[in-house]
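# Examining the three-dimensional arrangement
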Amino acid sequence: MSDTIHCDETQQAVATQPPSSLTVLSLLSILTGVVVGTVCGTFRLLLEHAAGLRTALALDALHPFSAGLIMIAIGSITAFIAAWMVKRLAPLASGSGIPHVEAVLAGLATPASIGLIPVKFIGGLLAIGGGLALGREGPSVQMGATAANTIGRLLRLGPADCRSLLAAGAGAGL
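Residue numbering note: each chain is counted from 1, following its sequence as written. Note on the predicted model: pLDDT of at least 70 is required for a residue's local features to be given, and 80 or more for side-chain atom pairs to be given and counted; whole-chain, interface and lining totals, by contrast, use all residues. As a rule here, side-chain values cover all heavy atoms of the structure and leave hydrogens and water aside.

## Considering a nonpolar patch on the surface
Selection rule: Like charges within 9 Å and nonpolar side chains (Val, Leu, Ile, Met, Phe, Trp, Tyr) within 5 Å are joined into patches, using only residues over 30% in relative accessible area that form no salt bridge. Note on areas: Shrake-Rupley with a 1.4 Å probe; residue coverage comes only from the protein chains shown. Each reported salt bridge corresponds to a side-chain nitrogen of Lys or Arg within 4 Å of a carboxyl oxygen of Asp or Glu. Strands here are runs of E lasting at least two residues and helices are runs of H or I lasting at least four, both read from the DSSP assignment and numbered beginning at the N terminus. Exposure classes here rest on a 1.4 Å probe applied to the protein chains alone. A residue is buried below 20% of its type maximum, exposed above 50%, and partly exposed in between.
A surface patch of nonpolar side chains, about 550 Å² in accessible area, is lined by Ile 77, Phe 80, Ile 81, Trp 84 and Leu 89. Examined against the element boundaries, Trp 84 turns out to sit in helix H3 (residues 64-89). When its relative accessible area of 45% is taken as the criterion, Trp 84 is described as partly exposed.

## Observations concerning the packing of helix H4 (residues 98-105) against helix H7 (residues 159-173)
Stated precisely, the cut-off is as follows: Here an angle of 0 to 180 degrees is reported between the N-to-C directions of two axes, which are lines fitted to C-alpha atoms, with helices fitted over the stretch in contact. Should an angle fall under 35 degrees it is called roughly parallel, over 145 degrees roughly antiparallel, and 65 to 115 degrees roughly perpendicular, with every other angle called oblique. Left-handed describes a crossing in which the near helix is turned anticlockwise from the far one by less than a right angle; the clockwise case is right-handed. By definition in these notes, contact holds between two residues if any of their heavy atoms fall within 4.5 Å.
Running from N to C, H4 and H7 cross one another at 155°; their axes reach a closest spacing of 10 Å. One finds that H4 runs roughly antiparallel with respect to H7. In the crossing of H4 with H7, the sense of the turn from one axis to the other is left-handed. Listed contacts from H7 to Val 101, Val 104 and Leu 105 of H4 are Arg 163, Leu 166, Ala 167 and Ala 170.

## Regarding the environment of Ile 114
One can find Ile 114 in the loop between H4 and helix H5 (116-129). Through-space distance from the C-alpha of Ile 114 to that of Ala 90 is 9.7 Å; in sequence the pair is 24 residues apart. Each residue touching Ile 114, except ones within four places of it in the same chain, is listed here: Thr 146 and Thr 150.

## Regarding helix H6 (residues 137-154)
Selection rule: In this scheme, a helix's expected span is set at 1.5 Å multiplied by one less than its residue total.
Taking 1.5 Å of rise per residue, 18 residues should cover 26 Å, and H6 covers 26 Å from first to last C-alpha, within 8% of that figure. The element H6 is extensively covered by neighbouring structure, given that 15 of its 18 residues are classed as buried. A positive backbone phi angle near 55° is found at Arg 156, which sits one or two residues after H6.

## Some details on the pattern of salt bridges
Pairing of side chains with opposite charge becomes possible as their charged atoms draw close. A full pass over the atoms with the stated rule returns one salt bridge. Note that Glu 48 is salt-bridged to Arg 44, the shortest N-O span being 3.3 Å. You can see Glu 48 and its partner Arg 44 sitting in helix H2 (residues 19-59), four residues apart, about one turn around the helix. A relative accessible area of 47% places Glu 48 in the partly exposed class.

## Structural notes on the packing of aromatic side chains
Rule in force here: Whether two aromatic rings pair depends on their centres lying within 6.5 Å, for rings of Phe, Tyr and Trp, where Trp uses its six-membered ring; planes under 30 degrees apart make the pair stacked, over 60 edge-to-face, and the rest tilted.
Under the criterion given, the structure shown has one aromatic pair. Where Phe 43 meets Phe 121, the ring centres are 5.4 Å apart and the plane angle is 55°; that geometry is what we call tilted. Of this pair, Phe 43 sits in helix H2 while Phe 121 sits in helix H5; the two residues are 78 residues apart in sequence, bridging distant segments of the chain. Both residues of the pair, Phe 43 and Phe 121, count as buried.

## Describing unusual backbone geometry
Of note, Arg 156 is a non-glycine position whose phi angle comes to about 55°, a positive value. Here Arg 156 lies in the loop between H6 and H7. Look at Arg 156 and you get exposed, because its relative accessible area is 77%.

## So, the nonpolar core
When a protein is soluble and globular, its nonpolar side chains tend to lie buried together. Selection criterion: Among buried residues, those of type Ala, Val, Leu, Ile, Met, Phe, Trp, Tyr and Cys that are joined through side-chain atoms within 4.5 Å constitute a nonpolar core.
Counting ten residues, the largest nonpolar core consists of Val 36, Cys 40, Phe 43, Leu 47, Ile 117, Phe 121, Leu 125, Ile 128, Met 143 and Ala 147. Of all elements in the fold, only H2, H5 and H6 reach the threshold of two or more residues within this core. Apart from the residues lying within four places of it in its own chain, the contact partners of Ile 128 are Phe 43, Leu 47, Arg 54, Leu 134, Gly 135 and Arg 136.

Below you can see the structure in the form of structure tokens.
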């Protein structure tokens, strides 16, 4: 039920904006899609390369036991580095990122700064590429939302427009 109320509030906010504002927001949504598509597309391609590299390392091992040790070592080292990056550089990058984006859209949390994107990108590459069983969708959604919100803030859009752009960026990331 709260989703319906939020949707109605969004529709009322959009209906009260002048047409020129909606046109600008629509054009910025296209720009956001291009930026987010570039970031998340690159993220996906690099994850595929990391998986191929990890598989090649295991296949090049002389013995199955050593292949297992190599995989454990790679996963442990990359997970440690990713966790360290999140803890030290961008605590909001922890977890999948989707709950944080939902909280921002509900007005319960503040949007992440642009510093989250490199931490989520590199940390995600290390963790997922290192073999942890994680999905790429959560990081993509959070990076997309953060990129979109950053675009909105750089262009000094109002809070409602930044929130709309953030939702568009999250969708583009997905």
